[in-house]
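Architecture at a glance
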Amino acid sequence: MTKKTIRTIPQERTTIPEQPVAERIHNFCEVALGYRPEDARREAERCLLCPEPACVLACPVAIDIPGFIEQICLGKDRAAYDIVADANLLPAICGRVCPQEDQCELVCPVGDTLEPVAIGRLERWVGDRALAEGWDTGAAVERSGLKVAIVGSGPASLACAADMAKAGCEVIVYEALHEPGGVLRYGIPEFRLPNHVIDAEIANLTKLGVTVECNTLVGRLFTIEQLVDEMGFSAVFVGTGAGSPRFMGIPGESLHGVLSANELLTRCNLMGALEFPAYDTPIDIGTRVAVIGSGNTAMDALRVSLRAGAEQVACVYRRSREESPARLEELIHAEEEGVEFHWLTAPVEILGDDDGAVRAMRCIRMELGEPDESGRRRPIPIEGSEYDFETETVVYAIGTRANPVIGQTSKIALDERGYIRVDEHLATSMAGVYAGGDIVTGAATVILAMGAGRRAAAAMKAYLGIRDTAVVYDERTSADRRWFGIDAGERNFTRLRLPADDAVGVGGT
Amino acid sequence: MSDTKYLFRRNRTWWVKVAVPAALRDELGYDLRRSLRTSDLDEARQAREPVVAEFRRTIADAERRRRRMCHEPLDSGSGFVVTAREDFSDVTFLLEVHHPQLARAAQPGQFVLVLAHERGERIPLTIADFDRDAGTFTMVIQAVGKTTREMQLRCQVGSTLHAVVGPMGCPSDIAGAAKVVCVGGGLGIASIYPQLRAFQERGAFVIGIVGFRTEELIFWEDKFRRHCDELIICTDDGSVGIKGMVTDGIEVALARHPDVDELVAIGPPVMMRACAEATRPHGIRTTVSLNPIMVDGTGMCGGCRVTVGDEMKFTCVDGPEFDAHQVDFADLMSRQRRFRDKEQFAAERWARSLETDTADAPGGGRR
């Protein structure tokens, strides 16, 4: 293969086929339809296969990005999947919801002159191929006899569960809702992340020997202390997330029609409220919806409202478009779909009718002042600029707090805002108990949570005396010489073995 | 006028078409149709009858299956098995569910969230009793909406519920009081029982007050008597005990025992508000257990928010028990009506689906 240069690669980034706007606002099918094989090959050709790839360092879970892209170029999709799955067992999910433009794609050298390589779309393509073909990591795991409990089944927990299972631990994931997946399930809508993708990726985890127990509220059904002291778990990972919605404390918040984005999304995504009365959970958003906030959750709430039949959907944000924390792709999709944006606007009061329902929202115009501690320009209200804005539903998407149950029921040390306090190894104040994801950092992204889950898993392995396998990821030779993600030249590993007679949890080949 | 009932023509061929009742369209499609393989209308008319009859049989069978399903005991294959059921009246019934872990963990004042079947709704229900040895817990349910009426119809001994999660909420504080009044009304009668028992076991002097409509509806009297130092029963018609509301009972109790230092009330919001007003002049610490609309029960949706004092609280994680003198009951009652229209629609639709008799399915030709 001749060496690729910036001049020889395809210059244009391969576009991803999307559902037309007019159609998609009436259905919950995915907006981005995914690459076709020829798209993937063409886009893979755009990677320069840098010898010292910056993208790998920028990836929270350190996927060998040039490695898997090279395999796509060669047409070896299975090998590409194996490389991705080494670092990330949930590629179909991450390819869809990671903010790649701020991570791997941000540092891609191709992006200096052209559009960066569409790493996220390629990852998704690999993940989708694996799901379609039924590939799994095919690992034969040698059991270590250690039991690990994972509290919560969101992205941090699933990433941690995968690594601990590969290390031979018996892993039990406890989930309070009746379906696993955490925010992936209740929070991210079907058109961004279909439920069948979550099911398939979790099924891959169960093939590794992970058990998922739903309907289990850890803290109340049994405590973290009981997991360690009475139930025989050697280590515990807490990944309960930050899902407790914030409100603003302005008048009128208890009117009917005022709800948190989490409530809207949970009712629609998890409980099937849009199919009421075939499903029993109701939702009533009326024809006009206003969403306060402009993050990714707000975009989801806006776009779900459109699909639920609202005619006029508005986003109200106190800063301007430049400061909006949502992913640009989500913002553009929302704009395309006809969401009205009211930048530099903040609600001051919600007005109700005699029946206790929302009638309108009183807003005030803002202007941007000096930058605050977050580096964003502080919004300042313009006096006398109040106006009324007619709406039937007001959705709060202005951020969340730590989920409180673990804090209420265990002696784990929390910080002053209720998040779990951890050291640099993500260990909590309780021996053998680790934590990661939003419950430590506050609301962030799926992939940062997964990165935290993996870092915690590495620390837990060290705590349990299981040799960490970072070397396996570093000293890569060629994919042909690898079985089950292990380099044939690698010696003395304890993580995975070729299938033995007494191997448990064997899946696939 | 030519007779083309159930018939339509596609290209030159005649087809039979029979419309499917709305309730069966998920299963059978919008209509049943079949080609008669003829372009002659007279032939088509002759061939029509047996096909229409067959389609009608198909529809009737599907309808029978569906109706049987509406009445069939719930069975989701989960481990949450109903081990006992008792009917206290035409709307109130008791379910005992096998869940050893939950029975071991449950504390007075806590609740569970129940999802009866896959397409159901998550509803909060107070734990009315728990037996740690038998590994069971008990819920007492009032069949008022679609979900609870469906449970009343379909939860039999041996049925399984799709999901049961709990115990949720903060346990009651039973440490403080030396002399306590426990008030239960409506759906709160059973809910007050675990607390009352816990107070008594802790050594407090317990005065129980329970309100029923009439004598026939009284249940658990023996259980209450066993754990109360004094039991006051109030009935609307005066058939037993005091004639009047539980608040009349509270007056009697407070007159007899001026040294009461706590009152706990569970029941409909109107009743709890009345109890709060009854104790306010006496300055007695009063606790109520709220039961607003919830989805997840872990503090993530905020649907169960209530105003207590000047603060917003989430009932599922901050409660369910709050200081009655601080709770904004008007707000609570208003929020319970959030989905009134939809709830009523669902209940009516469900009631209709039980009754519909579609043996005589609507004819064809309807578009």
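Residues numbered from 1 in each chain as written. Chains lettered and ligands numbered in written order. Predicted model: local features only at pLDDT ≥ 70, side-chain atom pairs only at ≥ 80, totals over all residues. Heavy atoms only, no water.

This brings us to the interface of chain B and chain A. Taken together, the contact pairs 51 residues of chain B with 41 residues of chain A. Taking the shortest distance from any N to any O, the salt bridge between Asp280(A) and Lys146(B) comes out at 2.7 Å. Our count for the chain B to chain A interface comes out at 15 residue pairs in polar contact (both at pLDDT 80 or more). In terms of residue count, the dominant contributor to the side of chain B that touches chain A is strand β11 (residues 163-168) of chain B (six residues). The residue inventory of the side of chain B that touches chain A, partitioned by class, reads 21 nonpolar, 14 polar and 16 charged. (Contact = heavy atoms within 4.5 Å. Salt bridge = Lys/Arg side-chain N within 4 Å of Asp/Glu carboxyl O. Polar contact = N/O pair within 3.5 Å; in protein donor to acceptor, adjacent residues only side chain to side chain. Helix = DSSP H or I, 4+ residues; strand = E, 2+ residues; numbered from the N terminus. Nonpolar A, V, L, I, M, F, W, Y, C, P; charged D, E, K, R; others polar.)

With that settled, consider helix α10 (residues 155-166) of chain A. Residue and element names in this part refer to chain A. Helix length check: α10, at 12 residues, gives a terminal C-alpha distance of 17 Å against a target of 16 Å (1.5 Å per residue), a fit within 8%. Among the 12 residues that make up α10, 12 are buried, leaving the element largely enclosed by the rest of the structure. The set of residues buried in α10 consists of Pro155, Ala156, Ser157, Leu158, Ala159, Cys160, Ala161, Ala162, Asp163, Met164, Ala165 and Lys166. Backbone geometry just after α10 places Gly168 at a positive phi near 90 degrees. (Expected span 1.5 Å × (residues − 1). Buried < 20%, exposed > 50% of the residue type's maximum accessible area, 1.4 Å probe, protein only.)

Residues and elements named next belong to chain B. Here helix α6 (residues 193-202) lies mainly inside the structure; seven of its 10 residues are buried. Turning to α6, its buried residues are Tyr193, Pro194, Gln195, Leu196, Arg197, Ala198 and Phe199. Just downstream of α6, Gly203 is the residue with a positive phi angle, here 105 degrees.

A few words now on a negative patch on the surface. Residue and element names in this part refer to chain B. A cluster of acidic side chains, namely Glu215, Glu216, Asp236 and Asp237, defines a negative patch on the protein surface. Along the chain, Asp236 falls in the loop between β14 (230-235) and β15 (242-243). On the accessibility criterion, Asp236 (40% relative accessible area) is partly exposed. (Patch = residues over 30% accessible without salt bridge, like charges linked within 9 Å, V, L, I, M, F, W, Y side chains within 5 Å. Areas by Shrake-Rupley, 256 points an atom, 1.4 Å probe, with all protein chains shown as cover. Lys, Arg positive; Asp, Glu negative; His and termini not counted. Charge placed at Lys NZ, Arg CZ, Asp CG, Glu CD.)

Let us look at the packing of helix α9 (residues 269-279) of chain B against helix α11 (residues 329-336) of chain B. Residue and element names in this part refer to chain B. One can describe the packing of α9 onto α11 by two numbers: an axis separation of 10 Å at closest approach and a directional angle of 175 degrees. Judged on the interaxial angle alone, α11 and α9 are roughly antiparallel. In this structure, α9 uses Pro269, Val270, Met272, Arg273 and Ala276 to contact α11, whose residues at the interface are Phe329, Leu332, Met333 and Gln336. (Axes fitted to C-alpha atoms, helices over the stretch in contact; angles between N-to-C directions. Parallel < 35°, antiparallel > 145°, perpendicular 65-115°, else oblique.)

All names here are of chain B. Strand order in this open sheet of five strands is β8-β9-β5-β4-β10, and the pairing throughout is antiparallel. Single-partner strands in this sheet number two, and they are β8 (129-131) and β10 (160-161). Across three bridges, the pairing between β8 and strand β9 (residues 136-142) is antiparallel. Residue pairing in the sheet places Asp131 in a bridge with Thr136 of β9. Relative to strand β5 (residues 92-98), helix α4 (residues 146-154) is tilted by about 70 degrees, and along the sheet it contacts β4 (80-87), β5, β9 and β10. (Pairing = 2+ DSSP bridges.)

All names here are of chain A. According to the domain assignment, chain A consists of domain 1 (21-133), domain 2 (147-243 + 402-464), domain 3 (246-399) and domain 4 (474-506). Placing the centre of domain 1 and that of domain 3 at their C-alpha centroids yields a distance of 32 Å. Listed as interface residues are 12 residues of domain 1 and, on the opposing side, 10 residues of domain 3. In this assembly, domain 1 and domain 3 are joined by three salt bridges. Linking domain 1 with domain 3 are six residue pairs in polar contact (both at pLDDT 80 or more), by the criterion used here. Within the residue set of the side of domain 1 that touches domain 3, elements represented by two or more residues are α1 (21-24) and α6 (91-97). The class makeup of the residues in the side of domain 1 that touches domain 3 is seven nonpolar, two polar and three charged. (Domains from an automatic or database assignment.)

Attention shifts here to the state of the cysteines. Enumeration according to the criterion identifies zero disulfides over all chains in this entry. Considering cysteine sulfurs only, Cys315(A) is the nearest to Cys363(A), which forms no disulfide, with 11 Å between them. Given the relative accessible area of 0%, Cys363(A) is considered buried. Of all cysteine sulfurs, the one in Cys316(B) lies closest to Cys170(B), which takes part in no disulfide; the gap is 9.6 Å. The class of Cys170(B) is partly exposed, set by a relative accessible area of 24%. (Disulfide = S-S within 2.5 Å.)

For the bond running from Gly166(B) to Pro167(B), omega is -5 degrees, close enough to zero to count as cis. Tracing the backbone through its elements, the reader meets Pro167(B) in strand β11. One non-glycine residue with positive phi stands out, namely Leu49(A), at about 50 degrees. Among the secondary structure elements, Leu49(A) is positioned in the loop between α2 (37-45) and α3 (54-58).

Another aspect to go through is the environment of Leu102(B). Mapped onto the secondary structure, Leu102(B) falls in helix α3 (residues 100-105). Excluding residues within four positions of it along the chain, Leu102(B) makes contact with Leu221(A), Val112(B), Ile127(B), Phe137(B), Val164(B), Gly166(B) and Pro167(B).

All right, on to the nonpolar core then. Membership of the largest hydrophobic core comes to 82 residues, with the highest contact counts inside it found for Ile65(A), Phe68(A), Ile69(A), Ile72(A), Met164(A) and Val171(A). For this core, the leading source of residues is helix α19 (residues 446-464) of chain A, giving 10 residues. Domain assignment of the residues forming this core places at least three in each of domain 1 (21-133) and domain 2 (147-243 + 402-464) of chain A. Discounting chain neighbours no more than four positions away, the residues touching Val171(A) are Val148(A), Ile150(A), Ala161(A), Met164(A), Ala165(A), Gly209(A), Val210(A) and Thr211(A). Core analysis: the second largest hydrophobic core is formed by 46 residues, Ile172(A), Leu221(A), Val238(A) and Val164(B) among them. (Core = buried A, V, L, I, M, F, W, Y, C linked by side-chain atoms within 4.5 Å.)

All chains considered together, the criterion is met by 16 aromatic pairs over all chains. With a centroid separation of 5.1 Å and an interplanar angle of 50 degrees, the aromatic rings of Phe247(A) and Tyr396(A) are classed as tilted. Here the residue Phe247(A) occupies a position in the loop between β6 (244-245) and β7 (258-260), and Tyr396(A) occupies one in strand β15 (residues 393-396), the gap between them amounting to 149 residues. Judged on exposure class, the residue Phe247(A) and its partner Tyr396(A) are both buried. The interplanar angle of 5 degrees and the centroid separation of 3.9 Å between the aromatic rings of Phe88(B) and Phe219(B) together place this pair among those described as stacked. Here Phe88(B) is found in the loop between β4 and β5, whereas its partner Phe219(B) is found in the loop between β13 (205-212) and α7 (221-227), with 131 residues between them in sequence. Across the pair, exposure class does not vary: Phe88(B) and Phe219(B) are buried alike. Of the aromatic side chains, those joined through ring pairs into one cluster are Phe88(B), Tyr193(B), Phe212(B), Phe219(B), Trp220(B) and Phe224(B). Over the ring of Phe191(A) we find Arg307(A), and its NZ or CZ is 3.8 Å from the ring centre. Looking at Lys223(B), its charged tip hangs above the ring of Trp220(B), at a distance of 3.9 Å from the centre. (Phe/Tyr/Trp six-rings, centres within 6.5 Å; stacked < 30°, edge-to-face > 60°. Lys NZ or Arg CZ within 6 Å of the ring centre and 35° of its normal.)

Turning our attention to the domain arrangement of chain B. Interface size is commonly expressed as the accessible surface area that is lost when the partners come together. Segmenting chain B into domains produces domain 1 (7-71), domain 2 (80-168) and domain 3 (179-336). Inter-centroid distance (C-alpha atoms) of domain 1 of chain B to domain 3 of chain B is 58 Å.

This part covers the pairing of strand β9 (residues 312-316) of chain A. Residues and elements named next belong to chain A. Counting buried residues in β9 gives four out of five residues, a clear majority hidden from the surface. In this structure, strand β8 (residues 288-292) lies alongside β9, joined through five bridges in parallel fashion. Paired with Ile292 across the bridge in β9 is Val316. Tracing the backbone out of β8, into helix α15 (residues 296-307) and back to the parallel element β9 gives a crossover that is right-handed. (Right-handed = clockwise from strand over helix to strand, strands pointing away.)

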